[in-house]
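Observations on the model geometry
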Amino acid sequence: MSAGYRRRVGTVRPSHLMFTSGVGALVDLPNFSVIVRGLDFWDYSNVGGERTSIVEPRLLAAVRSFTEAPQLKELRHAPWRPGSDTDPNDAALRVGVPVAPFPRWLRCTACNQLGNVESQAFGFQNELARRTQDARFVHQNCGKSKTPPLAVTARFMVCCANGHLDDFPYVMFVHRSPDCDDGTPNPQLRMHDRSGNVGANVDVECTHCGKRRNIRDAQGRRGEETLPGCRGRHSHLGTYGECDQHPMLLVVGASNQWFAQTLSTLDVPKTSGGELADLVAKHWDKLVGLPKNMLPYGRDQVAGLTEFARWNDDEWWAAIERHRVDLQEETETAEGYPDLRSPEWQILSSGEEVTSDALTLRRDPVGVPGPLKNVYADVVLVERLREVRALVGFTRLDAPDPDDPTLVERVRLTRDTPTWLPASEVRGEGIFLRVDETLLTDWEKRVGDSDAMTRHRAAYAQFRRNRYSGRVPGSPDWMKHWPGARFYALHTLSHLLIRTIALECGYNSASLSERIYAGDEEDPRGGILIYTAVPDAEGTLGGLVALAEPEPLTRLTTRALAEARHCSSDPLCAERLPQGTDDFLHGAACHVCLFVSETTCERGNRFLDRRFVVPVGDNSDLALYQAIP
């Protein structure tokens, strides 16, 4: 980029670095697009005294196990420091997440010249500290404009199933060979873009030899013949490697160019273990690397460790080793994702009241309101909670499978072995509702062999077969990761309550999240947590917890269940069940009655059916609650 111009080109929220604009993702700025660079390029030297580490031992242990990276030492916030955009010398202007222009090919909006960002034809302008949206590239010697006109990103690129992302090979594509016909090195190209985003009407022309080709030749099956093989390029890392996949054409802004793979957990204490175990968990960030012979020094010199003065070194060290083993056992799994939900379920369903900086649980003295005795077995007011999310990688073209992390190729965040990973933490509030286990067990027996549940099971097998049969060899068990019948009931109940609660709690539904705790006969669980997980006001306005008091909870639950019996899309919605080759995983559910935003639902609005919660139509035998309170 040209010297003398500011480096900051835009801003994103920290939460965006977890879900939409993380490492390897394209960020579409007003005048060009950039790719977020790998962790090797992140610089914390100018962060100053701001705290960067996020302490959550259980999540860190899970990330180590999941990524097979025992050298991981910490989770970190993105580099940031407070400052003012009005001071051009403010150190905050030199702190941020590094990006690079991508795709690197630009098109002049006046003469249509197509060239690489590193060529001498284009210059960078970004003069005002408070107007990062004005950052742009210009064509410096355009023959059709007196002033340098805007140059925009040429929106085509190529991507493969292994997660490689590369610039579109314009020169090779036009000439059908690496070189221009007249031998000109780096020939000048023009792009004639006639109809907006319609790729078939975009021509690329060589001004030296006159060859021309339409982008439609790079689409679909034709592209398999015309595009060269994948170069194994990871643009966010600046690396190349071996790759046996064939690339496919992508457009800047395509929703499948980046999918985050994250792990998240609630910061919960242990349900038992005594005061010493609780203190070890509280100060684990200071104890995790402390050898036994340094315990006396730590007790005397390290802030906070004076609380261990009542225990001798042997007792203290034994508690540290037990905590280390517990963390390992909690996150080690034979396959799949680490189990981060079990400790959450244990503390939420234990009946204990908890008061801490990270988690505060309270139960109303009257217990479950009388009218809801047949609906809930327990109601917990989660007055304070802390959720930590870590980005462990990302995928391209296909989203990570929520049950099997090995089905889609995960892309690394660093060139070298990482010692830290990016994370974010949010604080909020919530409501935990537990459903009686006997009620759920009886319902599962009643609907297990019903036609509706049989169709849902068949639909799940078909869904998995459609998406992953090309990846999984042999004849796998397509029902292996089916969430179970009770998940449908709990998940549907959660959506009904979220849609009703959002009308009164002060948060919009997109600011609410859910966690479904659904087990089976061997691991009986049956609860839902509806909570806020947004950075605004730390997500603790109090409006959500207030709705868990007896009177509003009774009113909201009654309203949610009563309104679920009917949908303005009935009878189409009420009669919907997957059958045959249908490729969806919901029954009586639609945007009118059950669907919520993508940020709210943990399973993408799948596994929903009103008929499994309340009577819908004439058949009430399938309903978990056959009578509305």
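For the structure, check the block above.
The model shown is predicted, which means the values in this text are computed figures rather than measured ones.

Topic: the nonpolar core
- Membership of the largest hydrophobic core comes to 65 residues, with the highest contact counts inside it found for Tyr376, Leu497 and Ile501.
- Residue contributions to this core peak at 10 residues, all from helix H12 (residues 485–501).
- What Tyr376 contacts, discounting residues up to four positions off in sequence, is Val368, Leu433, Arg434, Leu493, Leu497, Leu553 and Thr557.
- Counting 45 residues, the second-largest nonpolar core is a separate cluster that includes Leu263, Val392, Leu413 and Trp420.

Section: the sheet that holds strand E2 (residues 33–36)
- Strand order in the open sheet formed by three strands is E1-E2-E5, with antiparallel pairing between adjacent strands. The sheet is open, and its two borders are formed by strand E1 (26–28) and strand E5 (99–101), each paired with just one other strand. Neighbour-to-neighbour, the strand axes of the sheet open up by a mean angle of 35°, direction not taken into account.
- Bridge analysis of E1 against E2 gives three bridges, and the strand direction is antiparallel. For Val27, the partnering residue across the bridge sits in E2 and is Val34.

A look at helix H14 (residues 550–563)
- In this model H14 runs 20 Å from its N-terminal to its C-terminal C-alpha over 14 residues, within 8% of the 20 Å that 1.5 Å per residue would give.
- Buried within H14 are the following residues: Pro552, Leu553, Thr554, Leu556, Thr557, Ala560 and Leu561.
- Of the surrounding secondary structure, the elements contacted by the buried residues of H14 are strand E20 (378–395), strand E21 (420–434), H12 and helix H13 (543–546).

A look at the pattern of salt bridges
- Inspection of every chain in the model, using the stated rule, returns 34 salt bridges.
- In this structure, Asp217 and Arg213 form a salt bridge, with 3.3 Å as the shortest nitrogen-oxygen distance.
- Using a relative accessible area of 9% as the deciding quantity, one classes Arg213 as buried.
- Through salt bridges with shared partners, a single ionic network connects Arg104, Glu118, Asp166, Asp167, Arg231 and Arg233.

Looking at the environment of Arg412
- Turning to its location among the elements, Arg412 is positioned in the loop between E20 and E21.
- Among the residues examined, Arg412 registers a relative accessible area of 44% and is labelled partly exposed.
- Separated by 320 residues in sequence, Arg412 and Ala92 have C-alpha atoms that sit 28 Å apart.
- For Arg412, the contacting residues outside a window of four places in its chain are His236, Leu237, Phe394, Thr417 and Pro418.
- Of note is the side chain of Arg412, whose polar atom sits 3.2 Å from the backbone oxygen of Thr414.
- A distance of 3.2 Å separates a polar atom in the side chain of Arg412 from the backbone oxygen of Arg415.

Reading the values: the criteria
- Residues numbered from 1 in each chain as written.
- Predicted model: local features only at pLDDT ≥ 70, side-chain atom pairs only at ≥ 80, totals over all residues.
- Heavy atoms only, no water.
- Core = buried A, V, L, I, M, F, W, Y, C linked by side-chain atoms within 4.5 Å.
- Buried < 20%, exposed > 50% of the residue type's maximum accessible area, 1.4 Å probe, protein only.
- Helix = DSSP H or I, 4+ residues; strand = E, 2+ residues; numbered from the N terminus.
- Contact = heavy atoms within 4.5 Å.
- Pairing = 2+ DSSP bridges.
- Axes fitted to C-alpha atoms, helices over the stretch in contact; angles between N-to-C directions.
- Expected span 1.5 Å × (residues − 1).
- Salt bridge = Lys/Arg side-chain N within 4 Å of Asp/Glu carboxyl O.
- Polar contact = N/O pair within 3.5 Å; in protein donor to acceptor, adjacent residues only side chain to side chain.

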